[in-house]
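This is what each chain is made of:
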Amino acid sequence: MSEVVITDPEFSTTGRPSGRLLEVEDLHVEFRTREGIAKAINGVSFHVDAGETLAVLGESGSGKSVTAQTIMGILDQPPGFVSGGEIRFHGKDMLKMSEEGRRKIRGHGIAMVFQDALSALNPVFTVGFQIGEQFRIRKGLSRGDAKKRAIELLDQVKIPNAKQRVTEFPHQFSGGMRQRVMIAMSLALDPEVLIADEPTTALDVTVQAQIMDLLADLQRERQMGLILITHDLGVVADVADRIAVMYAGRIVEEANVHDLYARPAHPYTVGLLNSIPRIDEKGQELRTIKGLPPNLMRIPPGCPFHPRCPKAQPVCVEKVPPLRVVAPARGSACHFAEEVLRGE
């Protein structure tokens, strides 16, 4: 039984007439190790529509990247195992497909921009060869035609002098330009859903803004569904339509971006927002969320956030709060969500 029904129309907050592309329902993923079983994903449910941007936020270890890897079918198995749930693309459960069936969806249907472009790119091949490989293998284009398509994609992601740079190697590009190359590779087969896993990690603030603007422009032009995974609330403020906040492998809050920033409905989200440095608090000590994220092999009983929560009561230790509707188009997994919404 799923903890939450995120796919309810009440949660569709963008007002677009476009169709549903991807649905994740009651997903459970665990890592089986010699030390024990780490429950990385514990009943995650969400959806993405065409032309919509969903931001998935949370601290390191909250399950964001594991969710993305599971959707893409690139989870290391073992030690990772999908122990429950469904991942539906256009209504078809990808977890029940053969590897060949999932391979046909990767690239064409769902593509991914990885966190570390330098590690994701092969250092011994030119960027043009790596982008063009998809056209040669998946579309049967000649080497010359594949190179032309690679140049077109480098132009689309705004890499200057694309005709010359297509013959260069990854180490000859800056961090921001390598990330643009990764985006070009992910767009090569014109996917319907793009997953961007921490696409601005290790980039300076100016380049971060450029990459986010680029992703937003490409998403609007192509009407893709975009899943943006990040730990940085500031990165998604101007890009996302909806935000799902994850903690200990669960979604603890979901709302449209404006509502979540204005009135969070979960104490964890309040803590994340309060930890953002503010220019009107110059000279004051930065606020933090006390304590550490839970050990996924020993997740606390009840609400997993209760050891760090300033509002924790006995019920928080005894009962896991489900993600429930607490206001129009708002979901929160907190026993006292209504009080949090009122700022109490």
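As shown above, the structure is provided for reference.
Residues numbered from 1 in each chain as written. Predicted model: local features only at pLDDT ≥ 70, side-chain atom pairs only at ≥ 80, totals over all residues. Heavy atoms only, no water.

Peer 1: Tell me about the side chain of Thr-126, residues and numbers included.
Peer 2: Checked against the element boundaries, Thr-126 lands in the loop between α3 (117–120) and α4 (127–138). Polar contacts involving the side chain of Thr-126 include one to the main-chain amide nitrogen of Phe-129, which spans 3.1 Å. (Helix = DSSP H or I, 4+ residues; strand = E, 2+ residues; numbered from the N terminus. Polar contact = N/O pair within 3.5 Å; in protein donor to acceptor, adjacent residues only side chain to side chain.)

Peer 1: Give a detailed account of the pattern of salt bridges, specifying residues and quantitative values.
Peer 2: Overall, the coordinates contain 19 salt bridges when judged by the stated rule. Between Glu-99 and Arg-106 there is a salt bridge whose closest N-O contact spans 2.4 Å. The buried category is assigned to Arg-106, whose relative accessible area is 17%. With a shortest N-O distance of 2.6 Å, Arg-103 and Glu-100 are connected by a salt bridge. Here Arg-103 and its partner Glu-100 are both found in helix α2 (residues 99–105), 3 residues apart, which amounts to about one turn of the helix. Here the salt bridges do not stand alone but share partners, grouping Glu-23, Glu-25, Glu-86 and Arg-88 into one network. (Salt bridge = Lys/Arg side-chain N within 4 Å of Asp/Glu carboxyl O. Buried < 20%, exposed > 50% of the residue type's maximum accessible area, 1.4 Å probe, protein only.)

Peer 1: Report on the pairing of strand β6 (residues 110–113), specifying residues and quantitative values.
Peer 2: What you see with β6 is no split at all: Ile-110 and Met-112 on one side and Ala-111 and Val-113 on the other are buried throughout. With 4 bridges joining them, β6 and strand β7 (residues 193–197) adopt parallel strand pairing. Considered in β7, the bridge of Val-113 is made with Ala-196. (Pairing = 2+ DSSP bridges.)

Peer 1: Mind laying out the sheet that holds strand β4 (residues 80–89), listing which residues take part and the relevant values?
Peer 2: Read across the open sheet, the 4 strands follow the order β2-β1-β4-β5; overall the sheet is antiparallel. Strand pairing shows two members of the sheet lacking a second neighbour, β2 (36–49) and β5 (92–93), which therefore form its edges. Taken strand by strand, helix α1 (residues 64–72) contacts β1 (20–33), β2 and β4, and its axis lies near 110° from that of β1. (Contact = heavy atoms within 4.5 Å. Axes fitted to C-alpha atoms, helices over the stretch in contact; angles between N-to-C directions.)

Peer 1: Which residues make up the pairing of strand β9 (residues 242–247), and what are the values?
Peer 2: With respect to burial, β9 is a largely interior element, 6 of its 6 residues being buried. Residues Arg-242, Ala-244 and Met-246 of β9 are buried on one face, and the alternating residues Ile-243, Val-245 and Tyr-247, pointing to the opposite face, are buried as well. Sheet topology places strand β3 (residues 53–57) next to β9; 4 bridges connect them, and they run parallel. In the sheet register, Ala-55 faces β9, and the bridge partner there is Ile-243. Pairing between β9 and strand β10 (residues 250–256): 6 bridges, direction antiparallel. The residue bridging Arg-242 from the neighbouring strand is Asn-256, located in β10. Linking β9 back to β10 in an antiparallel pair, the connection comprises 2 residues, with Ala-248 at a positive phi of about 55°.

The analysis is restricted to geometry; functional conclusions fall outside its scope.
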